[in-house]
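Structural overview for review
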There are 2 protein chains.
Amino acid sequence: MTASSHPGTTAGRTANSVAPQRLTVLGATGSIGESTLDLVGRNPERFDVVALSACRNAPRLAELAIRHRAKTAVIGDAEQYGVLCDLLSGTGIRAGCGPQALIEAAEEPADCVMASIVGAAGLAPTFAAARQGRRVALANKECLVSAGDVFLSEIERAGAELIPVDSEHSAAFQALAGSDRKALERIVLTASGGPFRTWDLDRLSRAAPEEALRHPNWSMGRKISIDSATMMNKGLEIIEAFHLFPVTAAQLDIVVHPQSVVHCLVFYTDGSVLAQLGPPDMRSPISYALSWPDRMATPVARLDLVKLATLTFEAPDEARFPALRVAREALARGGSAPCVLNAANEVAVEAFLDKRIGFLDIAAKVAATIEAADVRGMIKSLRSLDDVLAADGESRKLAQSLLQPHIANG
Amino acid sequence: MTASSHPGTTAGRTANSVAPQRLTVLGATGSIGESTLDLVGRNPERFDVVALSACRNAPRLAELAIRHRAKTAVIGDAEQYGVLCDLLSGTGIRAGCGPQALIEAAEEPADCVMASIVGAAGLAPTFAAARQGRRVALANKECLVSAGDVFLSEIERAGAELIPVDSEHSAAFQALAGSDRKALERIVLTASGGPFRTWDLDRLSRAAPEEALRHPNWSMGRKISIDSATMMNKGLEIIEAFHLFPVTAAQLDIVVHPQSVVHCLVFYTDGSVLAQLGPPDMRSPISYALSWPDRMATPVARLDLVKLATLTFEAPDEARFPALRVAREALARGGSAPCVLNAANEVAVEAFLDKRIGFLDIAAKVAATIEAADVRGMIKSLRSLDDVLAADGESRKLAQSLLQPHIANG
């Protein structure tokens, strides 16, 4: 046996030798969904599209469903159902609408479900996919941050495969593949540092939403861009990594890497470090989640190290970016604390975007919400999806009330 | 199945659950051999030392053999045999001497043979280990550079495992483990650039041996230090990688990375890149070759990215470092050309160290030797170890004669 044929090589299925992968995309019109379907469109022989869903963009959903010959298309917003039905009339594609139709779409026979619905709305359909024992390509943060243990129990019970789609977690997953996990010592997720990486506290206190929305490397949605500016995204990613990989919280670190080329580094007990690098194009981690343990060719730009020339690394500054610490504390507190963290953060980010609070207030309000939840006995262990949804809803209300103290108390 | 228990994980043997690994170290008193035995000394329960060999340092060989309770100790130099026998007298350790004893030591029942004899002297014993179907932890360059196809045939025929020890090739091997080799697009080996990375041609033409021996990152032998200064080491490594991994020569690249932290980058067709990083301590790749597919803990310093702060990459300059091009041409020419390259390089490096030729003459003399060998019909396919040894010897003579044109022709 030579190095070129050692057993570490995956002897998995090849693109040409097997039936197409039956794929459902939840959140088809979002950024991850569109990128997923871009790959599907480039490799039609590899995929058989089962169901597509969207929150409210019925025209785009219909267009994608027709182009990719989906069997089912489900729109979340009931008001858009008529539009969807009209557009799909005569195509043979079944139209559905509302939360129950979404769950049924997730349950349709498929090999892989891309779970890319943003926010708490993604919980129920992703749980449904997990319960069917599907491969779940996970792009929804809430399943791990808010529902961590509950979600993993469902995955385990159903024998489902959980493959992360987020670039940092996909990177960790790739850097762990084929290696001895008993020898795993530390996982270091990289952070771009966001648009405010070099700003001092005084300037941060006056940062405007439009400034926070200018992410240096990735083109992302508004909520996620603000999370990147506060570095709460890295706090949430630490919680996700804690659930995805066999590590303690102390074995998870963040390093600021402004070029966003290295996505994650995995340290082993032999002193060796495996890192995954790639251009800022989500089609690369998405393709890995779809094709794992194999890889499929993608048209993403190839990394040019000579052109990049310099990669830099620096320690994150928790004084200027307290969200990191707040998230770690929520993870340490356990139970529903990360769920409260996530809900409170969404409320606070919205308030910041509406200019109701300042930039530095975001992390402060999240921390205050967790404290208030603790005082009210709201931090408890979560046992079911219903528990998670209830905790999420209560936390949002609590966070809102803390943002408007006079109205809430008056 | 969750990410934390996916089948990419190697379900191999663990340190605690199995019998010790029977280990032979050929070249025990060299830098790789000493590092190997340092690891053995730290993990005595993991290893059972079978045979140790050394070229001529009998006192150190005896010391290591006694400390690690080897069964056999073989010295290459017959003049040192008496010293070795005296030192081992009464220990129960069998002493041997000379090329045949070396081969017999390599053939003693073992699970792994660390093949770390430098130069052509390592060929016969490493071949012997391969023929026994052992795991060959390969640190000897000649087996791949001079004997590539012949050596790989032996490995294949005997069902031996070939695991590279060289830091760049170990890095590639690690970055390929668990990944889909069909999707392998490119392997990029890094080069420190050596002590003359920033020197211009005029200054290079006057470079002295003592300047060339100052390697910026690694502490190495004299020959290897000069190879690093000319970048011939990277040319040889490209030839080795060509034999070790399922790539064409065109898929192998060099990037200059002065910090020597990233050892290799593997590019996949999905745009993803897996890289292996580590401190400049050979105990890390050595431990991997011994423990693969698992990893064992080592005391090597852990990488501190924040302290490193900056990693840089630049294109190699073949105008100033023509050895790279000369090596690529030898690989393209095939047959015995890489064997001539290696032999001529050893002769030229020795001449440079003796101040008989200038720094820039090294690559020029190597290229001239290959041309002269071609003219003389000496570039041919090699079918056996004897062919390789004959080609190596003839090439050295030819290279010597070209270094002394007046004596050789006069």
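Residues numbered from 1 in each chain as written. Chains lettered and ligands numbered in written order. Predicted model: local features only at pLDDT ≥ 70, side-chain atom pairs only at ≥ 80, totals over all residues. Heavy atoms only, no water.

As for the interface of chain A and chain B
Formally: Note on contacts: a residue pair is in contact if any heavy atoms of the two residues lie within 4.5 Å. Buried area is calculated as the accessible area (1.4 Å probe) missing from two parts once they are joined, with the contributions of both summed. By convention in these notes, a salt bridge is any Lys or Arg side-chain nitrogen within 4 Å of a carboxyl oxygen on Asp or Glu. Distance and chemistry together define a polar contact, namely a pair of N or O atoms within 3.5 Å, with one atom able to donate a hydrogen and the other to accept it when in protein, and with adjacent residues in sequence counting only for side-chain atoms on both sides.
Listed as interface residues are 70 residues of chain A and, on the opposing side, 71 residues of chain B. Carbon and sulfur atoms make up 55% of the area that chain A and chain B hide from each other, which totals about 5,700 Å². Taken together, the connections running from chain A to chain B amount to six salt bridges. B:Arg295 serves as the salt-bridge partner of A:Asp270, at 2.8 Å between the closest nitrogen and oxygen. Where chain A touches chain B, the interface holds 26 residue pairs in polar contact (both at pLDDT 80 or more).

Digging into the domain arrangement of chain A
Residues and elements named next belong to chain A. Let me state the cut-off plainly: A domain assignment, automatic or from a database, supplies the domain bounds used here. In this description a helix means any DSSP run of H or I spanning at least four residues, a strand means any run of E spanning at least two, and both kinds are numbered starting from the N terminus. Each residue receives one of three labels: charged for Asp, Glu, Lys and Arg, nonpolar for Ala, Val, Leu, Ile, Met, Phe, Trp, Tyr, Cys and Pro, and polar for the others, Gly being one of them.
Along its sequence, chain A is organised into domain 1 (7-167), domain 2 (169-277 + 300-308) and domain 3 (323-408). When each unit is reduced to the centre of its C-alpha atoms, the spacing between domain 1 and domain 2 is 26 Å. Counting residues at the interface gives twelve residues for domain 1, matched by 13 residues for domain 2. Across the domain 1 to domain 2 interface the summed buried area is about 1,300 Å²; carbon plus sulfur atoms make up 68%. The tally of links between domain 1 and domain 2 comes to one salt bridge. When the shortest N-O distance is used, the salt bridge between lysine 141 and glutamate 240 registers 3.2 Å. For the pair domain 1 and domain 2, the interface holds four residue pairs in polar contact (both at pLDDT 80 or more). Counting residues per element, the ones that place at least two in the side of domain 1 that touches domain 2 are α6 (142-145), α7 (148-158) and β7 (161-164). Residue classes in the side of domain 1 that touches domain 2 are distributed as seven nonpolar, two polar and three charged.

Side note on the relation of the copies chain A and chain B
This is how it is decided: All copies are superposed by least squares; the fitting set is the C-alpha atoms of residues with a pLDDT of at least 70 in both.
Under the fitted operation, chain A is carried onto chain B by 0.0 Å of movement along the axis and a turn of 180°, and the coordinates agree to an RMSD of 0.0 Å. Those values place the two copies in the arrangement expected of a two-fold rotation axis. When C-alpha distances to the rotation axis are compared across chain A, the minimum falls at A:Gly178, with a value of 1.8 Å. When the interface residues of chain A are mapped onto chain B, 100% of them again fall at the interface, so both copies present the same face.

Digging into the sheet that holds strand β9 (residues 252-256) of chain A
Sheet strands associate in pairs through backbone hydrogen bonding, adopting either a parallel or an antiparallel arrangement. Stated formally: Strands qualify as paired when DSSP identifies two bridges or more between them. Every axis corresponds to a line fitted to the C-alpha atoms, with the helix fit spanning only the stretch in contact, and the corresponding angles, defined between N-to-C directions, vary from 0 to 180 degrees.
Taken in spatial order, the eight strands line up as β9(A)-β8(A)-β10(A)-β11(A)-β11(B)-β10(B)-β8(B)-β9(B) in an open sheet, and their pairing is mixed. The open sheet is flanked by β9 of chain A together with β9 (252-256) of chain B, the only strands paired with a single partner. For this sheet, the mean inter-axis angle between neighbouring strands, taken without regard to orientation, is 20°.

Digging into the pattern of salt bridges
Where side chains of opposite charge bring their charged atoms close, a pairing between them can arise. Our working rule: Per-residue accessibility, obtained with a 1.4 Å probe over protein chains only, is compared with the maximum for each type, and a residue is labelled buried under 20%, exposed over 50%, and partly exposed between these values.
This structure, assessed with the given rule, holds 66 salt bridges over all chains. The salt bridge involving B:Glu63 is made with B:Arg60; its shortest N-O contact spans 3.1 Å. Note that B:Glu63 and B:Arg60 are positioned in helix α2 (residues 58-67) at a spacing of three residues, about one turn of the helix. Among the salt bridges present, the one from B:Arg333 reaches B:Asp374, with a minimum N-O distance of 2.7 Å. Of this pair, B:Arg333 sits in helix α15 (residues 323-333) while B:Asp374 sits in helix α17 (residues 361-375), and the two are 41 residues apart along the sequence. The partly exposed category is assigned to B:Arg333, whose relative accessible area is 33%. Among the ionic contacts, a cluster of salt bridges with common partners joins A:Glu34, A:Arg60, A:Glu63 and A:Arg67.

Observations concerning the packing of aromatic side chains
Applicable threshold: Put simply, two rings from Phe, Tyr or Trp (the six-membered ring, in Trp's case) pair if the centres are within 6.5 Å, and we call them stacked under 30 degrees between planes, edge-to-face over 60, tilted for the rest.
Here the structure, examined in full by the defined rule, presents twelve aromatic pairs over all chains. Ring geometry for B:Phe173 versus B:Trp292: centroids 5.7 Å apart, planes at 55°, classification tilted. On the criterion of sequence distance, the pair formed by B:Phe173 in helix α8 (residues 167-176) and B:Trp292 in the loop between α13 (283-291) and α14 (305-308) is long-range, its members being 119 residues apart. By relative accessible area, B:Phe173 is classed as buried at 0%. With a centroid separation of 5.6 Å and an interplanar angle of 70°, the aromatic rings of B:Phe352 and B:Phe359 are classed as edge-to-face. What makes B:Phe352 buried here is its relative accessible area of 1%. B:Phe359 gets classed as buried once you look at its relative accessible area, which sits at 3%. Grouped by ring-pair contacts, the aromatic residues A:Phe196, A:Trp199, A:Phe352 and A:Phe359 constitute a single cluster.

Section: the nonpolar core
Considering soluble globular proteins, one finds that nonpolar side chains tend to be buried as a cluster. Let me state the cut-off plainly: We call a set of buried Ala, Val, Leu, Ile, Met, Phe, Trp, Tyr and Cys residues a nonpolar core when their side-chain atoms join them within 4.5 Å.
Ranked by internal contacts, the top residues of the largest apolar core, which has 134 residues, are A:Leu52, A:Phe151, A:Ile187 and A:Leu341. If you tally residues by element for this core, the top one is helix α16 (residues 337-353) of chain A, at eleven residues. Beyond its immediate stretch of four places on either side in the chain, A:Leu52 contacts A:Val25, A:Ala28, A:Leu37, A:Leu61, A:Leu64, A:Ala65, A:Ala70, A:Thr72, A:Ala73 and A:Val74. Grouped together as the second largest cluster of nonpolar side chains are 133 residues, B:Leu64, B:Leu244, B:Leu252 and B:Leu385 included.

Topic: the environment of A:Asn342
Residues and elements named next belong to chain A. Tracing the sequence through the fold places asparagine 342 in helix α16. Sequence separation between asparagine 342 and alanine 124 is 218 residues; the distance between their C-alpha atoms is 17 Å. Contacts of asparagine 342, omitting those with residues within four sequence positions, involve Glu142, Val145, Ser146 and Leu236. A polar contact of 3.5 Å, which involves the side chain of asparagine 342, links it to the side chain of serine 146.

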